[in-house]
Each structure stands twice: as C-alpha cells, then as structure tokens.
Amino acid sequence: MEKRGISISGMILRLAALVGLTFAAADARAADVEPWKQRQNAIIVDAYELNSIDWEAMLKDKRIAGFIAKASDGLPESYTCTGDHGGDTVAHCKTMWRKYAVSRELYQTRRMIARSQGLMWGAYHLARPGNPVDQANHFLDYADPRDDELMVLDIEGIDPENYMSLEDAAIFAGHIKARTGRYPILYTNHITAKQIAANRHQHRLLSRLPLWYARYKPEIRDVFPMGNWDRYALWQFSSSHNCGKKRCPYRVPGTLNDIDVNVAAMTVSELRKVWAHGALLPEKPPIVTAIASAKLGRAPAASAAVSVPLAKPLLISRAEADSGSGTGVDGTVTGAISVKAAEAHLPNQPERR
C-alpha cells in the first residue's frame, strides 16, 4: 500500500507539472498570437501631433490603459530665423517655428487630459542624424518626463543618412540615464531590432534596452528570443500599414485609421508596476560557430567546425598560433580559429513614420 501511495503521489506531481507546462506554453502562445484579443491585456495608444483624437469617445474604451505621445523630433526649430537655416526661406522658417510651438502646447494638453483620466503617460523622441547629446537634452526639455512616465527612443532604421546611427543612439540613451537616473526603452521595427540583436556585442547598451516592437502581423511566434530580448515590452500591432475601412486589428473609438495601437501581454495592474522601466535587460552570452584548421609540416591539412553556445562572453574573435618541434625537423604546426556570430536573420519590416 505504501509503495502504491508513493506511486500515486508521484503520478499526481508529474501530472501537475505537465499541466503547469501546458499552461506556460499556452501563455507564451497567447503573447505571440493576436494578444490584443485577450481582454485582460492592456491596450496603449500612441500618437503624433497630426493624429485626430476625440478624447470623450476614446476614453469609453476601458481597455486603453496608456497613451504615448510624440514629443521632440531631432533638434528644436530655429527661433530667430536669421542666418543660414537649411536653405529655407524666412517665411517657411517662421511657419515651422509656429508649428513647433503649437505641437508643444498640444503635447502638454494631451498629457493633462490623459493623466486626469488615470491613463499611464509616455513620450517618445524621433531620433535624427547627429548631435545625440543635444537631442537628448531637447527631449528632456520638451517632454519634461516625470518619474512615473515612460521615456522612449524611436529609431526608425539603420541608415545613418536618414536616422540616428546606432552608435549615437547609445550615446543618447546614456545621456538620458545620466540626467534622469533611468534609461529609455527602444522603439524600432524588425529589421533594426534584428541588426542590433545580431550584433549585440557591438551594441551592448541598445541591445539591453526593453523593446517596443513594431510589427504589423497577427503573430510573431518565430521572432523571440532575439539577442537579449526574450520578448517585447510593447508590441505595436496596428497602424495605417494594416488598418483600413474594411479591416483593422483594433479600432480605437474617436480616432481614424492612422492611429497607432499597441498591446502589453499583461494586465493593466501588472503594466503599471513596470511602466516607467529604466533598467537594462540581462546580457546574454553569444552563440558562435567555431572553425578550426591545422597543418603539420607537409601532411594534409585537417579542419573541423562546430556551433556552440558559450557559457561566457567571448574575449577574442580570432586567434593564430605557431610552434616549432625542433631544429632540422619539418614539424611546424600552424593553426587558426575564427569565430562569428550565428544569430538568426529574419525578414524586413515597414518603418514607422
């Protein structure tokens, strides 16, 4: 009877473990396949200054838990409109300054409304080429972020002629940390995230920022883990790219089809606990492919290759060695080991405006 009791207990424990694994797998699938359809998951709207919003209508959607607004864009517009201002006419310069001033006022108005209605608030900086420290200072001046508000660095692509370079983006994020004590999170599309993840030994700071991931597909089961990112912090799943009059992943009341909609794979209360973020993700060691070859004197060369996950980060990328076995003996051994990152390469994605 005792042995039978132990066996039954063991079976119960194994069954419980199996059920737990089943639920864990189901949770993972729910986070990667249309998580916005799970009513417990928080919805976040993000907008730039030209998005039309009827706040009274929008706030009727009780799933909307947060609002992220575009704050600064590169460097501030010229105020004096004197001298060389990029070839613009003085009239155009003044028009751009008025637009800039109105957008700042709109930002503050939207923040007041959102916070008064209990929504979590965040701000993003659209990063342009050059001057990462000046851009970081401009963002902090424009957004004036509070301790409970999300800060976002928006990197639209990897072309340094049109977007802030990844090297400058790291400087931007570091300066935000120096001034506020918190890091921003990173907003980007798939191709840029893939580039950062595949070269995370070069982009050690950016690859550890929590990821706000833009991908306009119903599922992302084959995307994560990607580099240091086991999952997304936010997923931008709907925008003008995939939302039209006939079909849209999620329609936000009081807005048009061009509004950007995001999901967090967690409840509102869970999201509030981590909303402001500010910390870096753990750094993972790389997965590498090692290729070794050797030749002994005049004998035929031998080689071998193997892919292995490293327990610790690699310290060298290439090593060569020579050794001799004695005078008058043709026994010189030469060898080389080369190592390259073996991260997955995944398809491109459209960029955000």
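Peer 1: Can you lay out the confidence of the model for the chain for me, pointing to particular residues and giving the numbers?
Peer 2: Residues shown with low pLDDT carry predicted positions that ought not to be read at fine detail. In the predicted model, the chain carries a mean pLDDT of 81, and 70% of its residues have values of at least 70. Predicted confidence for residues 15-26 stays below pLDDT 50, and this span has zero contacts to residues more than four positions away or in other chains.

Peer 1: Can you lay out the sheet that holds strand β4 (residues 150-154) for me, pointing to particular residues and giving the numbers?
Peer 2: Strand order around the closed barrel formed by eight strands is β1-β2-β3-β4-β5-β6-β7-β8, with mixed pairing between neighbours. Geometrically, the sheet is characterised by an average inter-axis angle of 30° between neighbouring strands, direction not taken into account. For strand β3 (residues 120-126) and β4, the ladder comprises five bridges, and the chain directions are parallel. From the neighbouring strand, L126 faces β4, where its bridge partner is D154. Against the sheet, helix α6 (residues 190-198) engages β5 (185-189) and β6 (211-214), with an angle of about 120° to β5.

Peer 1: I'd like a description of helix α5 (residues 166-180), backed by residues and values.
Peer 2: For α5, built from 15 residues, the straight-helix expectation of 21 Å at 1.5 Å per residue is met to within 8% by its first-to-last C-alpha distance of 21 Å. Along α5, the residues classified as buried are L166, D168, A169, F172, A173 and I176. Buried residues of α5, seen end-on, are gathered within an arc of 155° and therefore sit on one face of the element. Opposite the packed face of α5, turned more than 90 degrees from it, sit the exposed residues E167 and A178. Positive phi appears at G181, one or two residues downstream of α5, with a value of about 85°.

About the criteria used
- Residues numbered from 1 in each chain as written.
- Predicted model: local features only at pLDDT ≥ 70, side-chain atom pairs only at ≥ 80, totals over all residues.
- Heavy atoms only, no water.
- pLDDT = per-residue confidence, 0-100.
- Contact = heavy atoms within 4.5 Å.
- Pairing = 2+ DSSP bridges.
- Helix = DSSP H or I, 4+ residues; strand = E, 2+ residues; numbered from the N terminus.
- Axes fitted to C-alpha atoms, helices over the stretch in contact; angles between N-to-C directions.
- Expected span 1.5 Å × (residues − 1).
- Buried < 20%, exposed > 50% of the residue type's maximum accessible area, 1.4 Å probe, protein only.
- Arc of directions from axis to C-beta.

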